[in-house]
Amino acid sequence: MRINAIIQARCGSTRFPDKVFAEIDGKPLLWHVIDRLRYAKMIDDIIVATTTNLRDSVIEDWCQKEEIKCFRGSEDDVLNRYYSASVSFPSDIIVRVTADDPFKEPSVIDLVIKKLCEEGKDFVTNNFPPSYPEGLDCEAFTFKVLETMEKSAHDTFEREHVTQYVYHNPDKFKIGNVVAEQQLSTYRWTIDNQEDYDMVKSIYAARSHESKGLLLMDEILEILKANPEIARINSHVKRSTMYQK
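Fair warning: this is a prediction, and the values are worked out from it, not measured in the lab.

**As for the packing of helix 3 (residues 78–88) against helix 5 (residues 143–152)**
The contact between helix 3 and helix 5 brings their axes to 10 Å, and the two run at 140 degrees. If you check the angle between helix 3 and helix 5, you find them oblique. Like other packed secondary-structure pairs, helix 3 and helix 5 cross with a definite hand, here left-handed. Two secondary-structure elements touch here, helix 3 through Leu 79, Asn 80, Tyr 82, Tyr 83, Ser 86 and Val 87 and helix 5 through Phe 143, Leu 146, Glu 147, Met 149 and Glu 150. For the contact of helix 3 with helix 5, the class distribution of residues is seven nonpolar, two polar and two charged.

Below you can see the structure in the form of structure tokens.
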């Protein structure tokens, strides 16, 4: 059984252009996303799925340099991009990842995949409803579910946001949800605008010099507890209600 993480990434964000290459602690955002996925024990391979837009050639070039697998597909039909990437890089289970999130938690990703495999679910997430900080979102689903979405989702919104067909048709799928030990969904740890970026950089700046290795959720929470002003940098930005529909 092949479990592949597919990261959707492009340079054409209207609110924060080229954010995938925004520097955080000396490395581009996309590097951070990929690096954290490497710590997830249940992921076999990582694929960056970008677009055929010429602007995104820089992503393909970067992936080649970093020896990361890359697929290029539709810019607007992101669902088809995922499906086509999963055919090009055969996947029994797909972990959907967005390139906005520098703090993905490897252990949470493993929990989501484990629940999918051990409980025979079609689709498992940790945001239905959310309990983790925004930016630690994770979705894992079988190739069969991806194939169903590709064939059945006709709405433009569902094609753009990949998994919305499942959320809109919960009776058709066996859905599981992983819940955090405490309610943390008020935190925003994703990068969609300048304030989000400033918040993430501030977390790294506040990190103890003695602290080494991957910056995980518990350490981030400790930093925010000691420096509550950091969380306020982007606290006015509301969490997406997309997955609560």
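Having seen the model, we can carry on.
**Overview of the pairing of strand 1 (residues 3–8)**
The buried fraction of strand 1 is high, at six of six residues. Residues Ile 3, Ala 5 and Ile 7 point to one face of strand 1 and Asn 4, Ile 6 and Gln 8 to the other, with burial holding for every one of them. Summarising the sheet, strand 1 and strand 6 (residues 93–98) pair through six bridges and their orientation is parallel. Bridging across to strand 6, Ile 7 finds its partner in Val 97.

**Observations concerning helix 1 (residues 29–37)**
Counting buried positions over the nine residues of helix 1 gives eight, a clear majority of the element. Listed as buried for helix 1 are Leu 29, Leu 30, His 32, Val 33, Ile 34, Asp 35, Arg 36 and Leu 37.

**Considering the pattern of salt bridges**
Scanning the entire structure with this criterion turns up 16 salt bridges. One connected set of salt bridges, linked through shared partners, spans Arg 15, Lys 19, Asp 100 and Asp 192.

**Quick word on the environment of Ile 220**
Among the structural elements, Ile 220 can be located in helix 9 (residues 217–226). Its relative accessible area of 0% is what places Ile 220 among the buried residues. Residues Ile 220 and Asp 110, spaced 110 residues apart in sequence, show a C-alpha to C-alpha distance of 19 Å. Not counting the four nearest positions on each side in its chain, Ile 220 is found in contact with Phe 103, Trp 189, Ile 203 and Leu 215.

**Some points on unusual backbone geometry**
Following Phe 128, the chain continues into Pro 129 via a peptide bond in cis, with omega recorded as 5 degrees. Here Pro 129 is to be found in the loop between strand 7 (123–125) and strand 8 (139–142). In the Ramachandran plot, Asp 18 falls in the positive-phi region, its phi being about 60 degrees despite a non-glycine side chain. With respect to the helices, strands and loops of the structure, Asp 18 is situated in the loop between strand 1 and strand 2 (23–24). The class of Asp 18 is partly exposed, set by a relative accessible area of 36%.

Conventions and cut-offs
Residues numbered from 1 in each chain as written. Predicted model: local features only at pLDDT ≥ 70, side-chain atom pairs only at ≥ 80, totals over all residues. Heavy atoms only, no water. Axes fitted to C-alpha atoms, helices over the stretch in contact; angles between N-to-C directions. Helix = DSSP H or I, 4+ residues; strand = E, 2+ residues; numbered from the N terminus. Parallel < 35°, antiparallel > 145°, perpendicular 65-115°, else oblique. Left-handed = near helix turned anticlockwise from the far one by under 90°. Contact = heavy atoms within 4.5 Å. Nonpolar A, V, L, I, M, F, W, Y, C, P; charged D, E, K, R; others polar. Buried < 20%, exposed > 50% of the residue type's maximum accessible area, 1.4 Å probe, protein only. Pairing = 2+ DSSP bridges. Salt bridge = Lys/Arg side-chain N within 4 Å of Asp/Glu carboxyl O.

Nothing here speaks to function; it is geometry throughout.
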